[in-house]
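If you want the building blocks of each chain, they are given just below.
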Amino acid sequence: TPRRAAAEGCSQVVGQIQAPISVHVTTLAGNTVWGPEEIEGSMFVADLQRRVAEAMGQSSFAVQLVYETKILDPSRTAVEEGLKEEVHITAIVSREREEIADALFAHTRGHIWVPDGAFVL
């Protein structure tokens, strides 16, 4: 019946709702930098990256998040990147990424910024 089909459709949608994910972020040395804290599966990795970077006192451009052996893609959600239930993530700080981001920002504003003799095209 149509009513039964609608009810089954609703239960399938409810079954797809993700439980919060408990995230614990450490450095390579094992020092906790963020969490454990719960996030929604629909949160973009970029938002998590920003929160972790703020907790570390770093620019979000300088921080990369690694889950298991994979660098997390900031343009995807936590669930899309395979995060579920309880996860341990490693935060890696890269000064080069921050310098590149600063150079691109300066370039778009019409300024040329050259770190350590590097060229900005």
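For the structure itself, consult the block above.
Sequence order sets the numbering: in each chain, residues are counted from 1 along the sequence as written. Only residues with pLDDT of 70 or above have their local features reported here, since the model is predicted, and side-chain atom pairs are shown and tallied only from 80 upward, although totals for entire chains, interfaces and linings are computed over all residues. The basis for the side-chain values is all heavy atoms of the structure; hydrogens and waters are excluded.

### Things to note about the pattern of salt bridges
Okay, so step 1: What counts as a salt bridge is simple: a side-chain nitrogen of Lys or Arg found within 4 Å of a carboxyl oxygen of Asp or Glu. Scanning all chains against the criterion turns up 3 salt bridges.
Okay, so step 2: In this structure, R76 engages E81 in a salt bridge whose closest nitrogen and oxygen atoms are separated by 2.9 Å.
Okay, so step 3: The buried label applies to any residue whose accessible area, calculated with a 1.4 Å probe on protein chains only, is under 20% of its type's maximum; exposed applies above 50%, and partly exposed to all values in between. Assessed through its relative accessible area of 32%, R76 is described here as partly exposed.
Okay, so step 4: Where salt bridges share partners, they join K70, R76 and E81 into one cluster.

### Points about the nonpolar core
Okay, so step 1: Side-chain atoms within 4.5 Å link the members of a nonpolar core, which is a set of buried Ala, Val, Leu, Ile, Met, Phe, Trp, Tyr and Cys residues. Formed by 20 residues in total, the largest nonpolar core has its most connected members in V23, V25, L48, V52, L65 and I89.
Okay, so step 2: Comment: elements are numbered from the N terminus, with helices defined as DSSP H or I runs of at least four residues and strands as E runs of at least two. Broken down by element, this core gets its largest block of residues, 4 residues, from helix 2 (residues 45–56).

### A word on the sheet that holds strand 1 (residues 21–26)
Okay, so step 1: Strand order across the open sheet formed by 5 strands is 2-1-5-3-4, with mixed pairing between neighbours. Each edge of the open sheet carries a strand with a single partner, namely strand 2 (32–39) and strand 4 (70–71).
Okay, so step 2: Note on pairing: two strands pair once DSSP finds at least 2 bridges between them. Here strand 1 pairs with strand 5 (residues 86–93) via 5 bridges, running parallel. Bridge assignment links V23 to a residue of strand 5, and that residue is V87.

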